[in-house]
Structure formats: structure tokens, C-alpha cells
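Structure assessment
The primary structure of each chain is shown beneath.
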Amino acid sequence: MADATGDTHAEDTTRRDFIFIAVGSAAAIGAAVTVWPFVDQMNPAADTRALSTTEVDLSAIPPGQQIKVMWQGKPVFVRHRTPEEIASAVRDDYAQLKDPQFDADRLKQEDGQAGKAEWLILQANCTHLGCIPTFAEGVYHGWFCPCHGSVYDTSGRIRSGPAPKNLPPAPYVFMNDTSIRIG
Ligand code: FES
């Protein structure tokens with residue numbers, strides 16, 4: 001009798017456990033199904049991701065020239081520096097700078113890897129009030145902002161005028177030897 005009662009109790013417990021487990025699983029699946037559409041909505045669509053990056057073919061830019069490309073609606077300078085422009089930028093690493101920064105640090109790729117000295121990728125809005133500086137002008141032959149006279153060197157560092165900061169590097173990576181992806 002005692003054995004029979006024990007068996008029944010054990011059987012009840014097992015059945016109850018099964019019900020709890022079954023209900024628990026159903027709840028978990030329900031939660032997963034409910035959450036998934038929200039998670040999916042938060043992922044940017046592929047076409048949005050594509051718009052957030054800009055690929056640039058470097059082979060079309062000769063040394064001593066730059067092009068301006070648009071990245072997320074903002075202008076970006078892609079400058080192919082000459083050996084003289086690189087030497088000038090590195091020589092002034094220890095000059096009196098309003099916004100001190102080494103040239104090499106301004107070339108780094110988004111993943112932290114070193115850039116290439118001849119390629120400088122900078123956001124193109126003057127850090128004063130946002131005008132677009134003109135190429136290779138000013139006493140340092142970097143950029144000159146005609147709006148209020150800010151002068152940038154060949155590393156895009158502010159050297160004189162009202163702009164408070166260097167032209168900020170744009171996030172980029174080399175996809176291969178002759179192309180980069182911005183963003
Ligand atoms: Fe460039 Fe004022 S916006 S100096």
C-alpha cells in the first residue's frame with residue numbers, strides 16, 4: 001500500500017513537472033516570438049547600411065591632389081599627399097599647435113591600424129563655423145578657410161585663425177591597396 005501510494009505520488013510529481021516544464025517552454029517561445037520583431041526592427045536595413053558608408057577608388061587621385069566625397073551627407077577630403085607635404089606635416093609634430101596631435105595619429109584607420117602617410121582622410125567642414133576650406137592654400141599649403149581666415153597645415157591641423165580644432169579624421173579602412181571605405 002505504502003509502495004502503491006509512493007508510486008502514485010511519484011507519478012503525480014513527474015506529471016506536474018512535465019506540465020511546469022511544458023508551460024515554461026511555451027512561455028519562453030512566446031517571449032522569443034514577441035521579442036524578435038522588435039529586435040529585427042532595430043537592425044538597420046541593408047540599403048541603410050550601404051548609404052552609411054562611402055567607397056573611394058584611390059587610383060584616380062594623383063599625388064598632390066585631393067577629391068571631395070560625400071559621406072552620410074557630409075563632405076570628406078581624400079588627399080593624396082606628396083613626400084614634401086608629408087615631410088612638412090611630420091616636421092611640425094612638435095610645433096606650437098593650438099590642437100596638438102601627431103600626424104601619424106591622424107592617419108589611423110578605424111580599426112586602430114596605422115594608415116599610409118600619403119593618404120589623409122578628413123572631414124571637410126572648418127571647425128569654426130563649418131565652411132569648406134580651399135585646397136593647398138594658406139602659408140602651410142594645407143587648407144585655407146575663406147570665411148574667416150583659418151589656416152590648416154598639410155595634416156589638417158589648425159595653425160592660425162578662429163577655428164578651435166583640427167579638421168577631424170573621418171573613420172575609414174583600406175579595403176585593398178587602392179580603395180578605402182569611409183564609415
Ligand atoms: Fe572657417 Fe570661420 S568657418 S574660419
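This section reports on the structure supplied with the text. (Residues numbered from 1 in each chain as written. Predicted model: local features only at pLDDT ≥ 70, side-chain atom pairs only at ≥ 80, totals over all residues. Heavy atoms only, no water.)

Comments concerning the pairing of strand β3 (residues 74–80)
Counting buried positions along β3 yields six of seven residues, so the element is predominantly enclosed. As judged from the seven bridges shared by strand β2 (residues 65–71) and β3, these two strands associate in the antiparallel manner. Note on β3: the bridge partner recorded for Trp-71 is Lys-74. Taken together, β2 and the strand that follows it, β3, pair antiparallel across an intervening segment of two residues, in which Gln-72 is found at a positive phi of about 50°. Sheet topology places β3 next to strand β4 (residues 119–123); five bridges connect them, and they run antiparallel. Within the sheet, the bridge partner assigned to His-80 lies in β4 and is Trp-119. (Buried < 20%, exposed > 50% of the residue type's maximum accessible area, 1.4 Å probe, protein only. Helix = DSSP H or I, 4+ residues; strand = E, 2+ residues; numbered from the N terminus. Pairing = 2+ DSSP bridges.)

Quick notes on unusual backbone geometry
The backbone of Gln-72 shows a phi angle near 50°, a positive value even though the residue is not glycine. Note on placement: Gln-72 falls in the loop between β2 and β3. Here the phi dihedral of His-141 falls at roughly 60°; this positive angle occurs in a residue that is not glycine. As for its placement among the helices and strands, His-141 is situated in the loop between β5 (134–135) and β6 (143–145). Assessed through its relative accessible area of 48%, His-141 is described here as partly exposed.

Quick look at the sheet that holds strand β9 (residues 172–176)
Strands sit in the order β1-β10-β9 across an open sheet of three strands; the sheet is antiparallel. Strand pairing shows two members of the sheet lacking a second neighbour, β1 (54–57) and β9, which therefore form its edges. Sheet twist, expressed as the average angle between the axes of neighbouring strands with direction ignored, equals 25°. (Axes fitted to C-alpha atoms, helices over the stretch in contact; angles between N-to-C directions.)

So, the sheet that holds β3
Read across the sheet, three strands follow the order β2-β3-β4 without closing on themselves; strand pairing throughout is antiparallel. Whereas interior strands pair on both sides, the edge strands pair on one side only; in this sheet they are β2 and β4. Strand-to-strand twist in this sheet, taken as the mean axis angle between neighbours without regard to direction, amounts to 20°.

Some words on the nonpolar core
Formed by 14 residues in total, the largest nonpolar core has its most connected members in Val-56, Leu-58, Val-78, Ile-121, Ile-180 and Ile-182. Apart from residues lying up to four places away in sequence, Ile-182 is in contact with Ser-52, Thr-53, Thr-54, Val-56, Val-69, Trp-71, Val-76, Val-78, Ile-121, Ala-170, Pro-171 and Tyr-172. Within the second largest apolar cluster, 12 residues are counted, among which are Leu-122, Cys-126, Trp-143 and Tyr-152. (Core = buried A, V, L, I, M, F, W, Y, C linked by side-chain atoms within 4.5 Å. Contact = heavy atoms within 4.5 Å.)

Things to note about the state of the cysteines
Taken as a whole and assessed by the stated rule, the structure comprises one disulfide. Shown here is the disulfide that connects Cys-131 with Cys-147, its sulfur atoms set 1.9 Å apart. Residues Cys-131 and Cys-147 share a disulfide whose torsion about the S-S bond is about -95°; that sign makes it left-handed. One end of the pair, Cys-131, is in the loop between β4 and β5; the other, Cys-147, is in the loop between β6 and β7 (150–152), with 16 residues separating them in the sequence. The partly exposed category is assigned to Cys-131, whose relative accessible area is 22%. (Disulfide = S-S within 2.5 Å.)

The quantities given are spatial measurements derived from coordinates; they are silent on function.
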